[in-house]
Amino acid sequence: MISFKCPGGVYNSTPRRVIFGNGSVSTIADEVNHLGCSRALVISTPGRLKMAEDVASLIGRNCVAILPEAISQVPIELARMGRERAAELNADCLVSVGGGASVGLAKGIAYENGIPIIDIPTTYSGSEVTGFCGMTIDGVKQMHISLNMLASTLIYDPSLTLGLPVKTSAASAMNALAHCVDAVYVPTVNPVVALAAAEGARITAKAVMEVVKKPDDLQARGELLYGAYLAGVALTGGFALQHGLAHVLGGTFHIEHGLAHSLCLPYVTAFNSRYVPDKLLPIAKALETDVLNLGGKIYDLLGVLGLPSGLCEIGFAEENLDKLIRITLETDNGYNPVPLTEEAVRGIVTEMWLGRRPG
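Residues numbered from 1 in each chain as written. Predicted model: local features only at pLDDT ≥ 70, side-chain atom pairs only at ≥ 80, totals over all residues. Heavy atoms only, no water.

With that settled, the discussion passes to the packing of aromatic side chains. Taken as a whole and judged by the stated rule, the model has nine aromatic pairs. Taking the centre distance of 5.2 Å and the plane angle of 55 degrees together, the rings of Tyr 11 and Phe 132 count as tilted. You can see Tyr 11 sitting in the segment before strand E1 (17-20) and its partner Phe 132 sitting in strand E6 (residues 132-137), a full 121 residues away along the chain. Taken as a pair, Tyr 11 and Phe 132 share a single burial class, namely buried. Here Phe 20 and Tyr 226 contribute two aromatic rings whose centre-to-centre distance is 6.2 Å and whose plane-to-plane angle is 90 degrees, an arrangement assigned as edge-to-face. (Phe/Tyr/Trp six-rings, centres within 6.5 Å; stacked < 30°, edge-to-face > 60°. Helix = DSSP H or I, 4+ residues; strand = E, 2+ residues; numbered from the N terminus. Buried < 20%, exposed > 50% of the residue type's maximum accessible area, 1.4 Å probe, protein only.)

What follows is the structure, encoded as C-alpha cells:
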C-alpha cells in the first residue's frame with residue numbers, strides 16, 4: 001500500500017513566483033513593484049558587483065543600495081552585518097544576484113527580519129528554491145530552517161550564466177545533482193519532489209556535458225539552469241549525509257561549495273544505494289545505469305567534466321579526516337536512510353580521500 005507523510009512548513013515549500021527565460025532579468029523592477037516594495041537592497045559577491053550594478057540600474061529609484069560583500073558558507077558575522085545594514089537603510093526587500101553566496105547572505109538577513117527576497121541566480125546551486133540555509137558559526141556550518149528565508153520570487157535568466165567559468169559551472173551542476181540524489185530517500189520527501197529529483201538529475205547530467213563542450217551555448221545553459229531549478233525543488237524535500245559531509249568540507253575546511261558536493265556525491269551515493277536501491281532507482285534510470293553502479297556512474301561523470309575525484313587530489317590533509325568524521329557525526333540531522341556510525345562514515349571518507357571509483 002502507498003503511504004507517505006508531507007510534513008509541511010519549510011519542507012516541500014517552494015517560492016510563489018518563478019520567471020524563467022532569456023532576458024527575464026529585465027522584469028526586476030516590475031517584480032519589486034509586485035511585492036509592494038520601494039526600497040530594495042541588492043546583494044552580490046564582490047566579483048558580481050558589475051552585474052549587481054546593472055540590476056540596481058534596472059530597479060531604478062526603488063533601489064536604496066548595493067551590498068557586494070557576500071562570501072561562501074555565510075559566516076554568521078556577515079549575516080548580522082547585513083541585517084544591520086538593511087535596518088539602517090530601511091530596506092523593504094532583498095534582491096540577490098549571483099550564486100549560492102549571494103542567495104545565502106539574503107537568507108541570512110531575512111532569517112530574523114522576514115524581509116521578502118527576490119533571487120536572480122547565476123549558478124546551478126538550486127538553493128534559491130528553498131527555505132534552508134547553512135550559516136557558519138565558530139567554524140562549523142549549521143543548518144537553519146525558516147519560511148522567512150523562502151524567496152518570494154525567482155528570476156532565471158540563462159544569459160546571465162554565460163560568463164560562468166567551465167570548471168565552476170561543472171562543479172555547480174554536480175551540486176544540483178547532489179540535491180536530486182540526497183532528496184529521494186529522506187523521510188520528508190513527497191512524491192512530487194521525488195519526480196522533480198529524477199527529472200532534474202536527467203536534465204542536469206545531460207546539460208552539463210553540453211555546457212562543458214560549448215560554454216557559450218545559450219540553449220545548453222538554459223537547460224542546465226532548468227535542471228538546477230528542478231534540483232532546487234528536490235532539495236525542498238530535505239537532505240541527508242551527502243549534504244552533511246559537503247557542509248563540513250565547506251564550512252570547516254573552506255572547500256568551495258560545488259567542489260565539496262562533487263567530491264562527496266559518488267561515495268555517499270554508492271553507500272546508500274546498497275541499502276535503499278528502490279529509492280535510488282529513478283535516479284539510476286535518469287542517468288542510464290543500474291542502481292549498484294550509480295556511484296560509479298557519477299564518479300565517471302566527474303572525469304568527463306574534468307573535476308577532481310578525491311580529497312587527496314585537492315591537497316586535503318589525511319590528518320584532517322578524523323575531524324571531518326567527528327563534525328559530520330555531530331551535525332547529522334538523522335535523515336540518512338542508513339543510521340550513521342563512525343565506522344560507516346570513516347569508510348566513506350577514506351574512499352573520498354583516496355579517490356577510488358566506487359564499486
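A separate point is the pattern of salt bridges. In this structure the tally under the stated criterion is 13 salt bridges. Ionic pairing is found between Lys 213 and Glu 210, a salt bridge with its closest N-O pair at 3.1 Å. Linking Lys 213 with Glu 210, this pair stays in helix H6 (residues 191-213), spanning three residues, or about one helical turn. Here Lys 213 falls in the exposed class, since its relative accessible area comes to 59%. With a relative accessible area of 27%, Glu 210 lands in the partly exposed category. Across the pair Lys 214 and Asp 217 runs a salt bridge, and its minimum N-O distance is 3.5 Å. Each member of the salt-bridge network shares a partner with another, and the members are Glu 210, Lys 213, Lys 214 and Asp 217. (Salt bridge = Lys/Arg side-chain N within 4 Å of Asp/Glu carboxyl O.)

So, about the packing of helix H5 (residues 166-183) against helix H9 (residues 257-273). The contact between H5 and H9 brings their axes to 7 Å, and the two run at 45 degrees. The pairing of H5 with H9 is recorded here as oblique in orientation. Both H5 and H9 take part in a crossing whose hand is left-handed. Contact with H5, carried on its side by Ala 171, Ser 172, Met 174, Asn 175, Leu 177, Ala 178 and Val 181, involves His 257, Gly 258, Leu 259, His 261, Ser 262, Leu 265 and Thr 269 of H9 and no other residues of that element. Its residues assigned to classes, the contact of H5 with H9 shows seven nonpolar, seven polar and no charged. (Axes fitted to C-alpha atoms, helices over the stretch in contact; angles between N-to-C directions. Parallel < 35°, antiparallel > 145°, perpendicular 65-115°, else oblique. Left-handed = near helix turned anticlockwise from the far one by under 90°. Contact = heavy atoms within 4.5 Å. Nonpolar A, V, L, I, M, F, W, Y, C, P; charged D, E, K, R; others polar.)

By themselves, these figures tell us nothing about what the structure is for.
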